[in-house]
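Residues per chain are reported as follows:
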Amino acid sequence: MKLLLAVVQDKDANRLVEALADENFQSTKLSSTGGFLKEGNTTLIVGVNDDRVDPALEIIKKNCSQRDQMVAPISPMGGNADSYIPKPVKIEVGGATVFVLPVDSFFQF
Amino acid sequence: MKLLLAVVQDKDANRLVEALADENFQSTKLSSTGGFLKEGNTTLIVGVNDDRVDPALEIIKKNCSQRDQMVAPISPMGGNADSYIPKPVKIEVGGATVFVLPVDSFFQF
Amino acid sequence: MKLLLAVVQDKDANRLVEALADENFQSTKLSSTGGFLKEGNTTLIVGVNDDRVDPALEIIKKNCSQRDQMVAPISPMGGNADSYIPKPVKIEVGGATVFVLPVDSFFQF
Ligand code: NI
Ligand code: NI
Ligand code: NI
């Protein structure tokens, strides 16, 4: 058995938990901040049988990969609103850092 | 040395921490949600010498095992309260999911 | 690769995160309480290459070691304030508990 420790963005966390549950992967969310990703991340613990590590990683990759997102910039204050045409800005969102840890034994009570 | 990562229900967490401390097991609580157990769970980290893994697991089992609990159901609104006799309902509470992880080395500063 | 799980006091956590980042160690903070240290601690996750475990431990040791701190005691209520000379009291602050865990594999998406 392996323990996956996945640090993902808050905005991707719930979708990931549901996608994992759809394939019968149970996960626990730890509230976390900073570091590997920008503020507002979540650390997921997922217990996975050895032969299901790759499918679990695929689900994380699919739901949390770093990607570009176009966002409307904030209008400059005091500018001439009529002549100002805001240009969407591309930012990077998502991203996942995953540690696969060996597990000696596992118990459910 | 081993690191026990135990996901337990919030309602069992403090009793477990005290029961572990009574046997000189130090634990740290991480706030967590969802997944292995219903909402409102706690993930405990416990560092344990190899020869004390079983006693630690016994304490977790004793304090957090899944068990039935009888609860009074909510009275139906607008029903005839005089004739309504609420029947206690059996629900499952507790439960623990424990991962035993190998530890390469351990430091205290 | 190794995963360092470091339980440190809240008051030392941000300084530690910055000191680690200065040496290119990325860390994630998990909110935690009790156990290894007094209330108000933080658990840091740090992914570290095998040859950089010792430098990372040195940074933790340097920023979080247990040390004495002199604090002004609270004045006794109702006492004669004029004649009362508060004597600073020595308390222990800081401290770190670090588990070094083996990592099977590591991914970034
Ligand atoms: Ni295995
Ligand atoms: Ni050992
Ligand atoms: Ni390695």
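Structural data are supplied above this passage.
All chains use their own residue numbering, which begins from 1 and follows the written sequence. Chains carry letters from A onward and ligands carry numbers from 1 onward, assigned in written order. Confidence filtering applies because this is a predicted model: local features only for residues at pLDDT of at least 70, side-chain atom pairs given and counted only at 80 or more, and all residues used for totals across whole chains, interfaces and linings. As a convention, hydrogens and water are excluded, and side-chain values are obtained from all of the structure's heavy atoms.

K.L.:
Looking at this model, I keep getting lost on the overall build of chain A. Mind explaining?
P.N.:
Runs of H or I in DSSP of at least four residues are treated as helices and runs of E of at least two as strands, each being numbered from the N terminus. Tallying secondary structure elements over chain A gives two helices and seven strands in all. Scanning chain A from its N terminus toward the C terminus, one meets helices and strands in the order β-α-β-β-α-β-β-β-β. When burial is assessed residue by residue, chain A has 43% of its 109 residues classed as buried. Contacts are residue-level and defined by heavy atoms, with any inter-residue pair within 4.5 Å sufficient. For chain A, restricting intrachain contacts to residue pairs at least 6 apart in sequence, the fraction spanning at least 24 positions comes to 72%. Partly exposed describes any residue whose relative accessible area lies between the buried limit of under 20% and the exposed limit of over 50%, with all areas from a 1.4 Å probe on protein chains only and scaled to the type maximum.

K.L.:
Before we go on, may I ask you to explain the interface of chain C and chain B in this structure?
P.N.:
How big an interface is tends to be reported as the loss of accessible area on association of its parts. Taken together, the contact between chain C and chain B spans 25 residues of the former and 20 residues of the latter. When the two sides are added together, the surface that chain C and chain B hide from each other amounts to roughly 1,800 Å², 63% of it contributed by carbon and sulfur. Counted as salt bridges are all cases of a side-chain nitrogen of Lys or Arg within 4 Å of a carboxyl oxygen of Asp or Glu. Applying the counting rule to chain C against chain B returns one salt bridge. The residue B:D104 makes a salt bridge to C:K2 at a minimum N-O spacing of 2.6 Å. Distance and chemistry together define a polar contact, namely a pair of N or O atoms within 3.5 Å, with one atom able to donate a hydrogen and the other to accept it when in protein, and with adjacent residues in sequence counting only for side-chain atoms on both sides. Counting across the interface, chain C meets chain B through six residue pairs in polar contact (both at pLDDT 80 or more). The leading source of residues in the side of chain C that touches chain B is strand β6 (residues 96–102) of chain C, at seven residues. Taken together, the residues of the side of chain C that touches chain B break down into 12 nonpolar, 11 polar and two charged. Buried area adds together the accessible area that both of two parts lose upon being put together, with accessible area traced by a 1.4 Å probe. Residues are grouped as follows: Ala, Val, Leu, Ile, Met, Phe, Trp, Tyr, Cys and Pro are nonpolar; Asp, Glu, Lys and Arg are charged; every other residue, Gly included, is polar.

K.L.:
Would you mind showing me how to read the coordination of the nickel ion (ligand 1) here?
P.N.:
Note on metal sites: the ideal angle is 109.5 degrees for four tetrahedral donors, and 90 or 180 degrees for six octahedral donors. Residues and elements named next belong to chain A. Sites may look incomplete because water is not among the atoms; the donors themselves are N, O and S atoms within 2.8 Å of the metal, or within 3.2 Å for Na, K and Ca. The nickel ion (ligand 1) binds to the protein through M1 (N) and D50 (OD), with metal-donor distances spanning 1.7 to 2.6 Å. On the criterion of sequence distance, the pair formed by M1 in the segment before β1 (2–9) and D50 in the loop between β3 (41–48) and α2 (53–64) is long-range, its members being 49 residues apart. For M1, a relative accessible area of 26% gives the class partly exposed. Accessibility expressed as a relative area gives 49% for D50, which makes it partly exposed.

K.L.:
Help me out: how do you make sense of the relation of the copies chain A and chain C in this one?
P.N.:
Superposition of the two copies of the chain requires a rotation about an axis and a shift along the axis. The copies were overlaid by least squares, fitting only the C-alpha atoms of residues that reach a pLDDT of 70 or more in each copy. For the pair chain A and chain C, the superposition axis carries a translation of 0.0 Å, the fit reaches an RMSD of 0.0 Å, and the rotation angle comes to 120°. With respect to symmetry, the two chain copies, as superposed, fit the operation of a three-fold axis. Of all interface residues in chain A, a mere 16% are interface residues in chain C too; the two copies therefore contact each other through different surfaces.

K.L.:
Explain the pairing of strand β1 (residues 2–9) of chain B to me, please; I cannot follow it from the model alone.
P.N.:
Here is the key point about a regular strand: its side chains alternate between the two faces of the sheet. Residue and element names in this part refer to chain B. Counting buried residues along β1, eight of its eight residues qualify, which places the element largely inside the surrounding structure. Here β1 shows no split at all, with K2, L4, A6 and V8 on one side and L3, L5, V7 and Q9 on the other all buried. A pair of strands is considered paired only if DSSP assigns at least 2 bridges between the two. Direction of pairing for β1 relative to strand β6 (residues 96–102): antiparallel, over a ladder of seven bridges. Within β6, the position partnered with L5 by the bridge is F99.

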